[in-house]
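These are the residues of each chain, in order.
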Amino acid sequence: MTDTRKSVDSLLKQMDEIDASILKALEDRFRVSEKLYATRHLPKGTLSYDPDREALSLRRLLKQKQKFIRSRALVQIWREIISAGAQMCHPFSIAVYTKERSHEMMDLAKNYFGSDASYLSCISTAQAIQKISTKGAGVAVLPLFEQSEDSWWTALSSPEHKHLAIVARLPFGKTKDYLHSNEAFVVSTVPAESTGNDKSLFAIEMSCQTSMASLKKLLEDVGFTVDGVWPAYNLSRIYLFAIELHGYVTMEDDRMILFQARHKNDIQMMRRIGGYAIQEDLED
């Protein structure tokens, strides 16, 4: 046997040993994941999906990674691992709005929730939201506000769906070939937590005619950074808006309390409809 052949065989043996250790590490991780889910004593039916914790884990890994693995590959590998663990603990289906950009929406969902999940194609945003409400799905993947044919987010501002909220924005990692059009929101019942780098979404209904610019100014006057304002086009309630604020903001935020106190006669309704961990730029 030549020295080259011996060297190749030795390297192949090393790879086999590494593969075996990776497999064992994955099995150990899944066991710990299962124990963690059981130890939390969560109510029956609680999803094993924690988008904020997952975002924190991926950010930590991106900081730890070495030059031999690209950020894009790392995120894709760990999304599959995280999702497989979640499906093992408590399987849930993903309702995906596919009337528009069907391939892009389904690809976004599968790249995030993994190959081990079950996907339900929905021809309307209302159908996707209803799938969660009736427990037919654990989450729904829906278009961004400016990309939708309707203002589907208004459903999240209604008492009927007060348990639902936007919890993530896809994809988690953006690359140089990233297109803003290839994005989506995830809606679910899971509780939100701060990740230290977030955006928050609210629905506000004013009692009188208010422009988007005026509403933005009112919010900035109490200290908010406003990243977006969208009117509800599909309702007779023409003074209903969705707003996106920078940071993790709740109704108990001092700035929110001040805003409501200053304009208590002008605000008909205000409700937090979600938030998400800000996406990571995956440029090596």
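Residues numbered from 1 in each chain as written. Predicted model: local features only at pLDDT ≥ 70, side-chain atom pairs only at ≥ 80, totals over all residues. Heavy atoms only, no water.

## A look at the overall build of the chain
On a plain count of helices and strands, the chain comes out with 7 helices and 11 strands. Summarising its shape, the C-alpha atoms of the chain cover approximately 85 × 40 × 35 Å along the three principal directions. The 284 residues of the chain split such that 45% are buried. Taking the intrachain contacts of the chain between residues at least 6 apart in sequence as the baseline, contacts between residues at least 24 apart amount to 72%. Accessible surface for the chain amounts to roughly 15400 Å². Of this, 53% is attributable to carbon and sulfur atoms. (Helix = DSSP H or I, 4+ residues; strand = E, 2+ residues; numbered from the N terminus. Buried < 20%, exposed > 50% of the residue type's maximum accessible area, 1.4 Å probe, protein only. Contact = heavy atoms within 4.5 Å. Areas by Shrake-Rupley, 256 points an atom, 1.4 Å probe, with all protein chains shown as cover.)

## Looking at a positive patch on the surface
A cluster of like positive charges, contributed by Arg29, Arg40, Arg53 and Arg60, occupies part of the molecular surface. Mapped onto the elements of the fold, arginine 29 is located in helix α1 (residues 3-39). (Patch = residues over 30% accessible without salt bridge, like charges linked within 9 Å, V, L, I, M, F, W, Y side chains within 5 Å. Salt bridge = Lys/Arg side-chain N within 4 Å of Asp/Glu carboxyl O. Lys, Arg positive; Asp, Glu negative; His and termini not counted. Charge placed at Lys NZ, Arg CZ, Asp CG, Glu CD.)

## Remarks on the pattern of salt bridges
A side chain of one charge can pair with a side chain of the opposite charge if their charged atoms are brought near each other. Applying the stated criterion to the full structure yields 12 salt bridges. Lysine 199 is the salt-bridge partner of glutamate 244, the closest N and O atoms lying 4.0 Å from each other. Here lysine 199 lies in strand β7 (residues 198-206) and glutamate 244 lies in strand β9 (residues 240-246), a separation of 45 residues in the sequence. On the basis of relative accessible area, glutamate 244 is assigned to the buried category, the value being 5%. Residue lysine 199 is classed as buried on the basis of its relative accessible area of 18%.

## What about the environment of asparagine 197?
Structurally, asparagine 197 can be placed in the loop between β6 (184-188) and β7. For the pair asparagine 197 and histidine 246, spaced 49 residues apart in the sequence, the C-alpha separation amounts to 8.6 Å. Beyond its immediate stretch of four places on either side in the chain, asparagine 197 contacts Arg59, Tyr276, Ala277, Ile278 and Glu280.

## Considering the pairing of strand β3 (residues 139-142)
Side chains Val139 and Val141 project from β3 onto one buried face, and the interleaved Ala140 and Leu142 project onto a second face that is buried too. Pairing of β3 with β6 involves 4 bridges; the strand directions are antiparallel. Bridge pairing in β6 places valine 141 opposite valine 186. (Pairing = 2+ DSSP bridges.)

## Some words on unusual backbone geometry
At the junction of leucine 170 and proline 171, the peptide bond is cis and its omega measures out at -5° in the coordinates. Looking at the secondary structure, you find proline 171 in the loop between β4 (165-170) and β5 (173-174). At arginine 101, a residue that is not glycine, the phi angle is positive and equals roughly 50°. Secondary-structure assignment places arginine 101 in the loop between β1 (93-97) and α4 (102-113). In this model, lysine 135 sits at a positive phi of 65°, which is unusual for a non-glycine residue. A residue is classified by how much of its surface remains accessible, and lysine 135, at 68% relative accessible area, is exposed.

## Let's talk about the environment of alanine 137
For alanine 137, the location among the structural elements is in the loop between α5 (125-133) and β3. C-alpha of alanine 137 to C-alpha of alanine 261: the two residues are 124 residues apart in sequence and 39 Å apart in space. Setting aside its immediate chain neighbours within four residues, alanine 137 contacts Ser93, Ala95, Leu120, Lys131 and Ile132.

## Things to note about the nonpolar core
Counting residues in each nonpolar core, the largest one holds 50 residues, and the members touching the most others are Tyr49, Ile94, Phe113, Val141, Phe145, Trp152 and Trp153. Take this core: its biggest share by element is 6 residues, from α4. Beyond its immediate chain neighbours, meaning those up to four positions away, phenylalanine 113 contacts Tyr49, Ser83, Phe92, Ile94, Tyr119, Val139, Val141 and Val186. Formed by 17 residues, the second largest nonpolar core is a distinct cluster that contains Phe202, Ile204, Met206 and Met270. (Core = buried A, V, L, I, M, F, W, Y, C linked by side-chain atoms within 4.5 Å.)

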